[in-house]
Amino acid sequence: MLKKSHIRNLAIVVLIISLFFILQPKDEGHPHSEYFSKLNSELKSNGFGRPVILLDLDRLDENLQILKSKLYPPLAYRIVVKSLPSKQLLRYIIKFTNTEKLMVFHSADLVMLLNDPEFNSSDILLGKPMPVKALEDVYSKTKPERFQKLRWLVDSKKRLDQYLSFSQKTNTQLRIVLEIDIGLHRGGFSNMESFKQTLNILDINHKSLIFEGFMGYEPHVASTPNFFGDKTTAIDESLQKSLLVYEEFYQIGKKSFPLLFDKPMLFNGGGSKTYQFYQNRNSIVNDVSVGSALVMPTDFDVVTLKNHKPAFFIAAPVLKKLEGTTIPFLESLSFLFPLWNPNLQVTYFTYGGAFLAKKESPKGLYDNQLFGLSTNQGILNGSKQTKLEPDDYVFYRPTQSEKVLAEMGEIVLIRQGKIIGTWKTFSN
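Keep in mind it's a predicted model, so treat the numbers as computed, not measured.

**Looking at the overall build of the protein**
On a plain count of helices and strands, the protein comes out with twelve helices and 17 strands. When its C-alpha atoms are laid out on the principal axes, the protein stretches across 100 × 55 × 40 Å. Among the 428 residues that make up the protein, the fraction classed as buried is 50%. Pairs at least 24 residues apart make up 72% of the contacts formed inside the protein by residues separated by at least 6 positions.

Structure, rendered in structure tokens:
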């Protein structure tokens, strides 16, 4: 018969063993999915042996088709250029969607597009208020007839005063769109008195400053909190509140300065996260901007875009594979790490790293926290189930599109899992 002390000691041992198995990290490794296995084979056979941006044209087409089915006349679609920084990509989308409306955020991009004959017929709206020095710079580098077609965004009376001074000094008409705050609180007119003072300047100087409409941006509504009920219903109701603010600005402006509104006008709104809510809505908005939804970086993984597919990835080749995870100065103990955590069974070194992206395939790869991040040579850990070898590729899904698409100078095009060509980005 066991003594009580033996029973207690046995219970402690059982508890320790149980806690070990409960607390021990689980093996999270998986090999490439079928989709990425096919891309991996293609890159190993026909790739470039370096990190690349991949754009899946089949998935892009699917996203574009969804956009066309959700956004059609009388609503107009405007392409957000910063999110799709390649002239060839822009031309592809222009042709697919039959629009030449662009929203541009950077003065260098503006100059480039204005001086490209293929974009001569583009209807360009600035996506943010530019310092007057940027306006002067664009003016000095473009032809007057192209410059005068631009729609400049103005967010304050002070900025409009600066633009008026430039207009009078250069004898150049400026087309003006006013940014209004409809709930995002990131700038734009929110005070009605300042708003009416600005309209008064436009009214008095209507030959120099041509008032053409409003821009009201509302991406915050996609983050509408809801504790009960349907998330999309909550978003829809939040959007309606923002659009009522938009309507209020319009009605007050029209009542105070009717001559300014006595013509067809631009009422820009929307964004990737909300564009699908606009069609068939009784709204003042007639121009909706979308960019990132077409390629779907992870920052746009929201319920309102659940019908869109990720269409671009970073692919980085594996340079080296080492068994285990050996830490400098702890070499004699390093064999213990994978015994405790199976996700430390293998160390991979990749060509490039520290991408603005999340690891997509194979599943179960992690940045080595002790070595830290490196843009030159990434260090990843995983279990043996990740099944990578040197010259295989690790696939990342970018968190954003505007910087990531441009940073490698070109986009590698994929159609049905095969490389079919490349497109240059704005940086080249």
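**A few points about the nonpolar core**
With 105 residues, the main nonpolar core has Leu 55, Trp 152, Ile 176, Leu 178 and Phe 214 as its most contacted residues. The biggest single contributor to this core is helix H10 (residues 231–256), with six residues. With near-sequence residues (within four places) excluded, Leu 55 lies in contact with Leu 60, Leu 89, Val 295, Ala 311, Phe 312, Ile 411, Val 412, Leu 413, Ile 414 and Trp 423. Listed in part, the eleven residues of the second largest apolar core include Val 52, Tyr 393, Phe 395 and Val 412.

**Details of the environment of Leu 64**
Relative to the helices and strands, Leu 64 is located in helix H3 (residues 57–70). The class of Leu 64 is buried, set by a relative accessible area of 0%. For the pair Leu 64 and Ala 76, spaced twelve residues apart in sequence, the C-alpha to C-alpha distance is 14 Å. Once residues within four sequence positions are removed from consideration, Leu 64 is found in contact with Tyr 92, Ile 93, Phe 96, Thr 97 and Leu 294.

**Brief notes about unusual backbone geometry**
In this model, Pro 73 is joined to Pro 74 through a cis peptide bond whose omega is 10°. Within the element layout of this structure, Pro 74 appears in the loop between H3 and strand S2 (76–80). Of note, the bond from Ser 361 into Pro 362 is cis; its omega dihedral lies within 30 degrees of zero at 0°. You can see Pro 362 is positioned in the loop between strand S12 (357–361) and strand S13 (366–367).

**Re the pairing of strand S16 (residues 410–415)**
Counting buried positions along S16 yields five of six residues, so the element is predominantly enclosed. In the sheet, strand S1 (residues 52–56) pairs with S16 via four bridges, with the strands oriented parallel. Within the sheet, the bridge partner assigned to Leu 55 lies in S16 and is Leu 413. Relative to strand S17 (residues 418–424), S16 is paired through six bridges, and the arrangement is antiparallel. Residue pairing for S17: Val 412 is matched across the bridge by Thr 422. Counting the residues that bridge the hairpin from S16 to S17 gives two residues, and of these Gln 416 lies at a positive phi of roughly 55°.

**Points about the pattern of salt bridges**
Opposite charge on two side chains permits them to pair, given that their charged atoms come into close proximity. Throughout the structure, instances matching the rule amount to 29 salt bridges. Where Glu 410 meets Arg 50, a salt bridge forms, and the shortest distance between an N and an O atom there is 2.9 Å. Residue Glu 410 is found in strand S16, and its partner Arg 50 is found in the loop between helix H2 (34–46) and S1; the two are separated by 360 residues along the sequence. Residue class for Glu 410 comes out buried when judged on its relative accessible area of 13%. The partly exposed category is assigned to Arg 50, whose relative accessible area is 30%.

**Let's talk about the side chain of Asp 392**
The topology assignment puts Asp 392 in the loop between strand S14 (377–382) and strand S15 (393–398). Among the polar contacts made by the side chain of Asp 392, one reaches the main-chain amide nitrogen of Glu 389 at a distance of 2.8 Å.

**A closer look at H10**
For H10, built from 26 residues, the straight-helix expectation of 38 Å at 1.5 Å per residue is met to within 8% by its first-to-last C-alpha distance of 38 Å. By the burial criterion, the buried members of H10 are Ala 234, Ile 235, Ser 238, Leu 239, Ser 242, Leu 243, Tyr 246, Phe 249, Tyr 250 and Gly 253.

**Quick notes on the side chain of Thr 425**
Residue placement: Thr 425 occurs in the segment after S17. At a separation of 3.3 Å, a polar atom in the side chain of Thr 425 contacts the main-chain carbonyl oxygen of Ala 406.

**Observations concerning the packing of aromatic side chains**
The geometry of two aromatic rings is summed up by the distance between their centres and the angle between their planes. What the rule picks out here adds up to 23 aromatic pairs. Judged by centre distance (6.3 Å) and plane angle (85°), the ring pair of Phe 214 and Tyr 246 falls under edge-to-face. Taken as a pair, Phe 214 in strand S7 (residues 209–216) and Tyr 246 in helix H10 lie far apart in primary sequence, 32 residues in all. Each of the two residues, Phe 214 as well as Tyr 246, counts as buried. Members of the aromatic cluster, each reached through a chain of ring pairs, are Phe 189, Phe 195, Phe 211, Phe 214, Tyr 246, Phe 249, Tyr 250, Phe 261 and Phe 267. A cation over a ring is seen here: Lys 82 above Phe 105, with NZ or CZ 5.1 Å from the ring centre.

**Remarks on the packing of helix H6 (residues 132–140) against helix H8 (residues 157–170)**
For the pair H6 and H8, the least separation of the axes is 10 Å and the interaxial angle reads 30°. Our classification of the angle between H6 and H8 gives roughly parallel. Where H6 crosses over H8, the handedness of that crossing is right-handed. Each of Val 132, Leu 135, Glu 136 and Tyr 139 in H6 lies in contact with H8, whose residues at this interface are Gln 162, Tyr 163, Phe 166, Lys 169 and Thr 170.

**A word on the packing of helix H9 (residues 192–204) against H10**
Remark: H9 packs on H10, axes separated minimally by 11 Å, with the N-to-C direction vectors making an angle of 45°. With respect to their mutual orientation, H9 and H10 come out oblique. Handedness of the crossing formed by H9 with H10: right-handed. In this structure, H9 uses Met 192, Phe 195, Lys 196 and Leu 199 to contact H10, whose residues at the interface are Glu 248, Phe 249, Ile 252, Gly 253 and Ser 256. The residue makeup of the contact of H9 with H10, split by class, is five nonpolar, two polar and two charged.

Rules used in this analysis
- Residues numbered from 1 in each chain as written.
- Predicted model: local features only at pLDDT ≥ 70, side-chain atom pairs only at ≥ 80, totals over all residues.
- Heavy atoms only, no water.
- Helix = DSSP H or I, 4+ residues; strand = E, 2+ residues; numbered from the N terminus.
- Buried < 20%, exposed > 50% of the residue type's maximum accessible area, 1.4 Å probe, protein only.
- Contact = heavy atoms within 4.5 Å.
- Core = buried A, V, L, I, M, F, W, Y, C linked by side-chain atoms within 4.5 Å.
- Pairing = 2+ DSSP bridges.
- Salt bridge = Lys/Arg side-chain N within 4 Å of Asp/Glu carboxyl O.
- Polar contact = N/O pair within 3.5 Å; in protein donor to acceptor, adjacent residues only side chain to side chain.
- Expected span 1.5 Å × (residues − 1).
- Phe/Tyr/Trp six-rings, centres within 6.5 Å; stacked < 30°, edge-to-face > 60°.
- Lys NZ or Arg CZ within 6 Å of the ring centre and 35° of its normal.
- Axes fitted to C-alpha atoms, helices over the stretch in contact; angles between N-to-C directions.
- Parallel < 35°, antiparallel > 145°, perpendicular 65-115°, else oblique.
- Left-handed = near helix turned anticlockwise from the far one by under 90°.
- Nonpolar A, V, L, I, M, F, W, Y, C, P; charged D, E, K, R; others polar.

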